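# Chain and residue survey
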Amino acid sequence: MAAPNFADVIQSPQFTFFIGPEAKAIVVHAAAIAATSPQLNALINGGMAESETRCVKMEHVGVDDFVRFCEYAYRGDYSVPAWEEEVVQVSQEQDQQQQHHEEEAEFPPASSETGEEAVETSHSQAPFPAFGRQAGGSYKKKGKIGWRERCAPEPPSRIQLRALFNSRTYLPADGGPKAAMLQHFEPQANSAADQDFTPVLLAHARLYCFAHLRLITPLKALTLDKLHRTLMAFKLYTARVGDIIALARYAYAHPDLPDRSDSGTLDELRKLVVEYVVCEIDTVGKCDAFCRYLEEGGEFVADFWRLAREYVA
């Protein structure tokens with residue numbers, strides 16, 4: 001199906017979608033929506049009742065999610081909601097530990113032998129600029145060290161998983177022809193423990209499920225790419241582990257996503273979530289909320305363990 005030019009889109013008949021339980025009317029140009037997938041093209045132009053009445057009801061789609069889909073249909077990308085400020089309550093011990101780690105990262109201790117400000121480490125780690133621990137080897141303080149630097153190294157096997165996770169790509173290397181025009185759609189990173197990123201993470205996940213159900217392969221790739229980059233830049237404060245659990249719960253509870261195949265293949269969204277959890281198990285695994293989620297059972301538990309047993313020392 002050839003993509004319509006802009007003139008074809010803007011001059012095409014209007015089509016009304018009644019979205020959500022409240023039947024919110026959203027009027028769009030038919031050609032823009034029809035061009036996204038053969039399924040929606042058949043709905044709009046295939047001679048069904050909806051193509052005659054020029055309207056359709058979609059009760060199980062959120063209004064905000066459908067608006068993002070329309071933004072994608074017109075612009076080739078979509079924006080996500082802002083994070084929400086949340087009052088974070090952590091124990092005094094957790095707060096002191098996190099403050100100690102951040103201060104240690106910014107101001108490494110002076111060498112007792114030379115008196116110079118230096119940090120020596122023999123961690124055989126690969127560099128992970130977006131999230132996770134910094135590169136190993138010896139280095140001296142020439143600026144601030146990444147906030148995620150820890151004293152204890154990760155198991156070498158999990159370093160390999162983190163490298164695999166970081167290297168995943170879902171879109172062309174140049175970002176596609178719209179890259180320069182759509183720079184303001186780039187995922188944003190969090191910077192404080194009270195920034196609730198659940199709305200951001202779930203916006204990507206919900207749009208992925210919408211695209212999966214309606215066979216919009218390019219949109220599925222786009223949502224995975226944006227979610228992946230969001231997770232890469234995500235500072236996983238202890239108080240934000242709940243955001244990740246909410247993402248996992250949504251991915252594994254959505255009825256339209258396929259369960260694990262007989263050969264062990266996972267849906268791409270679920271695979272991305274499980275890999276991230278295993279990469280960050282040092283933080284996630286210490287939270288009671290994660291233990292309670294495991295107690296709920298379901299496929300996540302088996303998928304998590306199948307991957308974790310290969311990478312957790």
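This section reports on the structure supplied with the text. If you're wondering where the values come from, they're calculated on a predicted model, not measured in any experiment.

## Some words on the overall build of the protein chain
Looking only at helices and strands, the protein chain has 14 helices and seven strands in total. The contacts in the protein chain between residues at least 6 apart in sequence include a share of 70% that link residues at least 24 apart. Split by element, the accessible area of the protein chain, about 16500 Å² in all, is 53% carbon and sulfur.

## Section: the packing of aromatic side chains
This structure, assessed with the given rule, holds twelve aromatic pairs. Consider the rings of Tyr-252 and Phe-300, whose centres lie 5.4 Å apart with planes at 85°: the pair is edge-to-face. Taken together, the residues Tyr-252 in helix α10 (residues 241-253) and Phe-300 in helix α14 (residues 299-311) connect sequence positions 48 residues apart. Tyr-252 sits in the buried class, given a relative accessible area of 14%. The class for Phe-300 is buried, based on a relative accessible area of 2%. Aromatic ring contacts, followed pair by pair, group Phe-15, Phe-17, Phe-66, Phe-69 and Phe-210 into a single cluster. Sitting above the plane of the Tyr-78 ring, Lys-226 keeps its charged end 4.8 Å from the centroid. A cation over a ring is seen here: Arg-270 above Tyr-252, with NZ or CZ 4.7 Å from the ring centre.

## Structural notes on the sheet that holds strand β1 (residues 14-19)
Neighbouring strands of a sheet are bound in pairs by backbone hydrogen bonds; such pairs are parallel or else antiparallel. Pairing is mixed in the open sheet, where three strands are placed in the order β2-β1-β3. This sheet does not close on itself; its edge strands, each paired only once, are β2 (24-29) and β3 (55-58). Strand-to-strand twist of the sheet, defined as the mean angle between neighbouring strand axes without regard to direction, takes the value 25°. Inspection of the sheet shows β1 paired to β2 by six bridges, in the antiparallel sense. Its bridge partner lying in β2, Ile-19 is registered against Lys-24. Helix α5 (residues 63-75) rests against β1, β2 and β3 of the sheet, and its axis sits at about 5° to β2.

## Some remarks on the state of the cysteines
For the coordinates displayed, the defined rule picks out zero disulfides. No disulfide involves Cys-291; its nearest neighbouring cysteine sulfur is the one of Cys-287, lying 8.4 Å away. With a relative accessible area of 34%, Cys-291 lands in the partly exposed category.

## Re the packing of α10 against helix α11 (residues 268-279)
Interaxial distance between α10 and α11 falls to 9 Å at its minimum, and their mutual angle equals 150°. One element, α10, and the other, α11, form an angle in the roughly antiparallel class. Taken as a pair, α10 and α11 cross one another with a handedness that is left-handed. Counting all contacts with α10, which are made through Ile-244, Leu-247, Ala-248, Ala-251 and Tyr-252, the residues of α11 involved are Leu-269, Arg-270, Val-273, Val-274, Tyr-276 and Val-277.

## Details of helix α3 (residues 38-45)
Within α3, burial applies to Leu-40, Leu-43 and Ile-44. Burial along α3 is one-sided: seen end-on, the buried residues are contained in an arc of 90°. Of the surrounding secondary structure, the elements contacted by the buried residues of α3 are β1, α2 (30-34), α4 (49-53), β3 and α5. Gly-47 sits one or two positions beyond α3 and adopts a positive phi of about 85°.

Reading the values: the criteria
- Residues numbered from 1 in each chain as written.
- Predicted model: local features only at pLDDT ≥ 70, side-chain atom pairs only at ≥ 80, totals over all residues.
- Heavy atoms only, no water.
- Helix = DSSP H or I, 4+ residues; strand = E, 2+ residues; numbered from the N terminus.
- Contact = heavy atoms within 4.5 Å.
- Areas by Shrake-Rupley, 256 points an atom, 1.4 Å probe, with all protein chains shown as cover.
- Phe/Tyr/Trp six-rings, centres within 6.5 Å; stacked < 30°, edge-to-face > 60°.
- Buried < 20%, exposed > 50% of the residue type's maximum accessible area, 1.4 Å probe, protein only.
- Lys NZ or Arg CZ within 6 Å of the ring centre and 35° of its normal.
- Pairing = 2+ DSSP bridges.
- Axes fitted to C-alpha atoms, helices over the stretch in contact; angles between N-to-C directions.
- Disulfide = S-S within 2.5 Å.
- Parallel < 35°, antiparallel > 145°, perpendicular 65-115°, else oblique.
- Left-handed = near helix turned anticlockwise from the far one by under 90°.
- Arc of directions from axis to C-beta.

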